[in-house]
Structure formats: structure tokens, C-alpha cells
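Residue strings, one per chain:
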Amino acid sequence: MSTGTNPNLPLIPPASAALENKNFAFPQLKNIPSDLSLPMLKVFSYGGPGDVQGVPSTLEVLVKRLGTDVHWFSVESQEKEATASSAALRNLSFSIYETKNSNAGFTFHGAKLSKDIIEKHKRVCTNYLWPLFHAMPEHARFNLEDWRAYKQVCQELAAQSQSVTGTSFPSISWIHDFQFALSAPSMSFEHGVVVCQFWHIPWPDAKLIADSRVGVEIVQSLLANTLLGFHTLEYAVNFMDTVAYLFADAELDAEKLQVRYKGRTTRLKVLPLGLDLDRWQKLAMKARPKAESLAVQHRLSNFIMLGVDRLDYSKGVLEKLLGLEYFLEDNKEYLRRFHYVQITQSPQSDDISYRSYSQAVKDKIAEINSKFEVDGWKPILHLDGLMSQEDLAAWYQAASVMAVNSLKDGLNLIAKEFVSCRLDQQGVLILSKEAGCANELKSGAVIVDPSNPREFAKALSFSFSMSVEEKRRRIGSMRHALGWNQLHDWALNFLAEAID
């Protein structure tokens, strides 16, 4: 086996070189036949189908439309509300037991793993892999014992899935995200199983992964997939560059986005996660009365800038606060005329790096409020804790400006939700160029460098002075983009590609 840096690697990796000369269609959507029949589907997702967004909602649509038999494997025990649009799937409890809903076509399988193993697996995900793949290695903390547990979870989940016999030939095993980066090899040996994976977080520059002590193992495992999906072309190209960097005997086809390694071909698919546009618009209509009362309820000014973020160092909340500080210093006329409402959710881990960042955000909010307070007016209203989707839909409509300032983000559904909810075709989206959805929404969003507070302050000033006509044009353009690639389009196109 040939591993290590390819000595013949050109200065510009082959995938990157092709990208520079290619007018790439984005996203790649296929014409799906109306009579398409999907084979039995095994889904592997860390949180399980108790989550109310993303993949769970997508597959409910597929089950209803295509009658697909779906077996769902997850690690984390869930007692969350299932998809809000299906009464048959509400209030299910997902634990180590299996439950069956024959009407919906779902069978749920919880992880049969010890709490200790699951906790170690989670530490690898949050304390090492998350910062590594978000290009923040300074936060990455590796623990060998935890890594062994991570490998065990990936292998055990794959083994447990093999106890479920297929009701079709072939069947599809669809792995989601980085929590199961090592699961594909075991599954790929099953007869009549098409193994595919969607990588929901960023894929950074090749050298960063090559320098990781687990980079080779992760990349080799991902190459066991028949199809590997990414939200952006940048991530797919970075993955191909990583393969070229690590494996001298790998064959790369940048035009077809294919990798051939050790006799196996892995195709890459670029397709950003879609949103259920109709569902969010219905939520917006339902939440409209609440939206109209928020300013009065919280004693807010006419202009509202909104932020909805998890307290995670990848989300750029501190940088956003610095941008707000610059804006307040240079635009004194806006004192008492606007508020910044920051809705935060707890970090995904209690590790010191997350706790320190969370505290730094809260300290900065207090500092800005103290610095610019005028006659009892404070610029920032901080609301900490989870909100229902209906409450979020209300805030999306109450805001004049939505600010998404991620330093690195796999996609960012918050930005898409905001656009979907603006039934009045008003509101401005300030969007980080490092968010995965930036390419989709660039025709209407105000794109900023998230690390440049002065640029953010300038964007905020521009947003507050934007005309009604310009807002309508921008929201309309972004909504058109969202309508072209909705949630069911994303799943159906990816799965159709897997069996093509």
C-alpha cells in the first residue's frame, strides 16, 4: 500500500487545476423520472430521526412518494419531537430499543453500545474532528483511547446494520456526516449493498488533513463509498487534493469528480442540502402575529439585526460583535434607533475551548452594552436557549437584517430559513463568504469576510440604508435559488445518483 505524500504532486493539485478552467454547474441536479423506485434504504445518522429538520424530514417525503422501506440507525438516544408534518412520527422515543411504524415505512434502530463508549466517541467528534475539519487545528485535542472508542462505534454500527436483511437487490446504505467516517469499509463488503456517504461539514485544505494522525485512515475509509457527497465544490476539490497528496497510486478524474484507488471507484457529488420551502413559509404565516408583537414585547427599536448561533468558535459570533462595535463607533446616529438580538444555543460540548468561547461572547455582549448604553437603551438583547421553529420564524420576520458570520460552516440552514420566512420580500441577509450556502445565495446576500470587523460594520450600514426595491430583488433572487433545490430534491438526486 502506498501512503504518504506523493513526490510527484504538482504545485497546483490536479483537482484544483481543473477547477480553474471549468465552468462548473452548481448544484448538479438530475431529471428524476416520476416512476423512480428506490431500493431498501439504511440510514446512519448520529442524532437519529427524532430531529425535526434536514435528513429526517427529507426521507419522510421519499417514503410517502416512493414507498421506500427505510431502516434508521443512530447512536445518540433521542426523546425529541419527530418531524412536525407527520402525526404518525411525533413524540417517538429513540433509545436502544427498536420501534416500527409500518404505515410510514420506517424502522428505527438505536445503538447497542455502552454509555462510556458513546461518550468517548462524542469527545472525538466535538474535541478533535470538528475543529480539525473546520480548519481550526489550534482547538483540536486528540486522545488515543477516545479514538479507539470512535473506531469501535463506527465498526459496531456497521455490524449491527448487517443483521437487517435487504428487502430489495441492491439496497442502499446511506451514511451521514463525520461521526461515522470509518463505517463504510465494513459495509462495502456486503453483497448487493451500495454504500454512499454525505459529508455535511467542511473539508479543509489537503495538508491539514494529511498532517493529522488519523487523516490517512479517514480518507481510505471514505474511499470505500461508491458515492461521496459534499455541500460545495470547494470541499469536493479539497477532498480530491487530499487523496492526491496522500496516495501516489490514486487515479483522479477532476472533470468527472471521480477517484480510483485500490481497484475501487468513488464518485463525488456536489449538492448542497435543501430546505423544505413550503413548510417554512407555512410556519412564517402561522408566526406572523407573533412577529408583529416581538418589538413591543421586548421594547425594541425600529431596526433589528438578528443573529441565531450556537456558541461555537466556528460561528464567528465574537467577530460579529466586533463588527457591531465598529458600526456603533462610526454611526452614532443609530444609537437608540436599532437593536441587535442575539439568540444563542449552548455549545455542543462542555470542553474548555467551548466553555471559554461561550464566556467570551457573554463578556463581550456585556462590554458593548455598557460602553454604548444611552438613557437605559442598550444595543444588544441576548436570548439564550433553544427556541421552537415557530418562534424562530417569528424572529426571522421581525428582523430588518439577519447576520450569519461563520468563520467556517458546512452549509448553514439558518440563512436559508430566514430567506424562506420573508413573505414580505423584505429583510437583508449579511452572509459570511465561508458559509457553505454562500455560493447559492450570493446573488442576494451581502457577502462579507467574517474575520474583518470593519467590513462587517460597512455591510451593516449598507443593509440598514437599502431601498425597499433592492431588498425585494435580493430576497426574490435567493428564494428562487432555494426553490430550485429543495429538501426532497437534495435527497432524491443523491440517492438516484447512488444507484445510477
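Please refer to the structure placed before this passage.
The rules behind these values
- Residues numbered from 1 in each chain as written.
- Predicted model: local features only at pLDDT ≥ 70, side-chain atom pairs only at ≥ 80, totals over all residues.
- Heavy atoms only, no water.
- Helix = DSSP H or I, 4+ residues; strand = E, 2+ residues; numbered from the N terminus.
- Buried < 20%, exposed > 50% of the residue type's maximum accessible area, 1.4 Å probe, protein only.
- Contact = heavy atoms within 4.5 Å.
- Areas by Shrake-Rupley, 256 points an atom, 1.4 Å probe, with all protein chains shown as cover.
- Axes fitted to C-alpha atoms, helices over the stretch in contact; angles between N-to-C directions.
- Parallel < 35°, antiparallel > 145°, perpendicular 65-115°, else oblique.
- Nonpolar A, V, L, I, M, F, W, Y, C, P; charged D, E, K, R; others polar.

In terms of helices and strands, the chain carries 17 helices and 16 strands. Out of the 500 residues in the chain, the part that is buried amounts to 58%. Counting contacts in the chain only where the partners sit at least 6 residues apart, residues at least 24 apart contribute 77% of the total. In the structure as shown, the chain presents an accessible area of about 20,400 Å², 48% of it carried by carbon and sulfur atoms.

Here we take up unusual backbone geometry. In this structure, Asp177 takes a positive phi of about 75° despite not being glycine. What makes Asp177 buried here is its relative accessible area of 13%.

Packing of helix H10 (residues 317–330) against helix H11 (residues 352–372) leaves a shortest axis separation of 10 Å and a crossing angle of 10°. If you check the angle between H10 and H11, you find them roughly parallel. Contacts between H10 and H11 involve Val317, Leu318, Glu319, Leu321, Leu322, Glu325, Leu328 and Glu329 from the first element and Tyr357, Ala360, Val361, Lys364, Ile365, Glu367, Ile368, Lys371 and Phe372 from the second. Residue composition of the contact of H10 with H11, by class: eleven nonpolar, no polar and six charged.

Examined against the element boundaries, Val219 turns out to sit in helix H7 (residues 215–222). Look past the residues within four positions of Val219 in its chain and what remains in contact with it is Trp203, Ile209, Phe239, Thr242, Val243, Leu246 and Phe247.

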